[in-house]
Each structure stands twice: as structure tokens, then as C-alpha cells.
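Reading the structure
In case you want the letters, here they are:
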Amino acid sequence: YEGVNLEKSVHEHLPKDSITFKKNHYGQMDIATGPPWLVPEVLKLDYDVLYFKVLAVGRGFVSVVGNAQTGQRMLLDRHAGKLLYWPEFLLTVHSVEFLPKEAQPVRIKPLEHASSVNISYTFMRPLQIEGPWMLVLLQDQDFKTVGKGWIRWHDGHQLLIGYSLFS
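The text that follows walks through the structure, step by step, so that each part is easy to find. (Residues numbered from 1 in each chain as written. Predicted model: local features only at pLDDT ≥ 70, side-chain atom pairs only at ≥ 80, totals over all residues. Heavy atoms only, no water.)

1. Structural notes on the packing of aromatic side chains
What counts is decided by this rule: Under the pairing criterion, centres of Phe, Tyr and Trp rings, with the six-membered ring standing for Trp, must be within 6.5 Å; the plane angle then separates stacked pairs below 30 degrees from edge-to-face pairs above 60, leaving the rest tilted. By the criteria applied, helices consist of DSSP H or I runs no shorter than four residues and strands consist of E runs no shorter than two, each listed in order from the N terminus. Only protein chains enter the accessibility calculation, which uses a 1.4 Å probe. A residue is then buried if its area is under 20% of the maximum for its type, exposed if over 50%, and partly exposed in between.
This structure, assessed with the given rule, holds 7 aromatic pairs. With a centroid separation of 4.6 Å and an interplanar angle of 35°, the aromatic rings of Tyr47 and Phe166 are classed as tilted. Of this pair, Tyr47 sits in the loop between strand E3 (42-44) and strand E4 (49-51) while Phe166 sits in the segment after strand E12 (161-164), and the two are 119 residues apart along the sequence. According to the relative accessible area criterion, Phe166 is partly exposed, its value standing at 30%. Summarising the aromatic geometry, the rings of Trp86 and Phe89 are spaced 5.7 Å apart at their centres and angled 75° between planes, so their arrangement reads as edge-to-face. Separated by 3 residues within a single helix, Trp86 and Phe89 lie in helix H1 (residues 86-90), roughly one turn from each other. Feature note: the residues Tyr51, Trp86, Phe89 and Tyr163 constitute an aromatic cluster, connected by ring pairs.

2. Examining unusual backbone geometry
Although it is not a glycine, Asp48 adopts a positive phi angle of roughly 55°. Relative to the helices and strands, Asp48 resides in the loop between E3 and E4.

3. A few points about the pattern of salt bridges
Applied cut-off: One side-chain nitrogen of Lys or Arg within 4 Å of one carboxyl oxygen of Asp or Glu is enough to make a salt bridge.
According to the stated counting rule, one finds 3 salt bridges in the structure shown. Notably, a salt bridge pairs Lys16 with Glu2, separated by 3.4 Å at the nearest N-O pair. In this pair, Lys16 sits in the segment before strand E1 (20-23) while Glu2 sits in the segment before E1, placing the two residues 14 residues apart along the sequence.

4. Some thoughts on the pairing of strand E6 (residues 61-67)
The test is simple: When DSSP finds at least two bridges between two strands, those strands are taken to pair.
In terms of burial, E6 is a largely internal element, 7 of the 7 residues being buried. Strand direction decides the pairing type here: strand E5 (residues 54-57) and E6, joined by 3 bridges, are antiparallel. Its bridge partner lying in E6, Ala56 is registered against Ser63. What sits between the antiparallel neighbours E5 and E6 is a turn of 3 residues. Relative to strand E7 (residues 72-77), E6 runs antiparallel, the two sharing 6 bridges.

Encoded structure:
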């Protein structure tokens with residue numbers, strides 16, 4: 001949508017563009033038509049995954065990044081898909097990792113002054129979100145659990161972690 005009056009219902013506006021889907025010869029969904037600038041945050045249709053990063057939420061519309069390479073924004077009908085906030089989304093991912101510039105210790109409690117967990121691990125799998133803290137399972141290279149701990153996943157302004165959707 002464009003030229004939106006946020007005080008009016010989404011049904012009082014005409015869409016500017018759309019995405020249509022079709023089944024391919026394997027029975028999986030593919031994009032049939034869409035704007036040429038469309039670059040979702042994650043597009044993995046063989047896993048039925050099409051994610052946009054939401055920047056703002058209104059009653060009828062969401063503002064999303066429509067092109068993850070350029071940052072181009074677009075407005076979508078809020079109810080045309082499933083809206084996941086960061087905590088809900090992060091609990092669906094396979095694993096999380098610290099960003100290179102945001103490395104931090106894994107803590108025994110969700111407190112800045114809590115002791116560090118002294119366990120060697122390869123992967124962190126989200127278990128629970130509590131404000132800016134995330135309880136993670138610490139796993140070895142074979143995905144076997146070796147412990148648990150708490151990490152800060154955001155600082156109020158930005159993510160402090162990256163995530164992997166799939167193993």
C-alpha cells in the first residue's frame with residue numbers, strides 16, 4: 001500500500017502491488033508474481049518460510065523492510081500474514097550466536113553481575129525470553145545439551161545476537 005491514511009481501515013485502501021504464489025512441479029510453493037524490488041529478510045519457500053522484518057505496527061498496517069538489500073520500506077495489511085514479535089520469533093529458531101562485536105559471557109542468572117557459565121559449547125538454543133535476557137541450552141557440536149545459561153539478546157536499541165533458522 002502507499003498513500004495510506006492510518007486513521008482509516010485497510011479495506012478503505014487499494015493495494016499498490018501484491019505477491020502471488022503457485023505450486024511448482026514438486027508440489028512446493030513458489031512466487032508466481034511480485035514486484036521486481038522484492039527481497040524479503042528470509043525467503044526459503046521449500047520450508048514455507050517468507051519473512052519480512054517489521055519496523056512499525058499499526059491497527060491495520062505493518063511497515064516492513066520490503067527489500068533487505070536496500071532497506072526499502074513498504075506497508076502491508078497487518079492481518080495478511082502472521083505477525084511474530086522478536087521473543088516469539090527467536091523461540092522458533094534453531095540456534096543463536098553472538099555477533100562478532102557483541103560477544104558476551106553466558107551467565108548463570110539473568111543479571112549483569114551474575115557469574116559466568118564455565119562450560120565449553122558450540123551452539124545456543126533459545127528456551128525462554130525474559131525482557132532483554134534469553135535462557136539458552138548450551139549444546140556441543142553433536143547438538144547434545146551440556147548446560148544452560150542466560151545471555152542478553154538486545155540492548156533496547158539493537159540485537160546483540162544473530163540467529164540460524166535451520167540446522
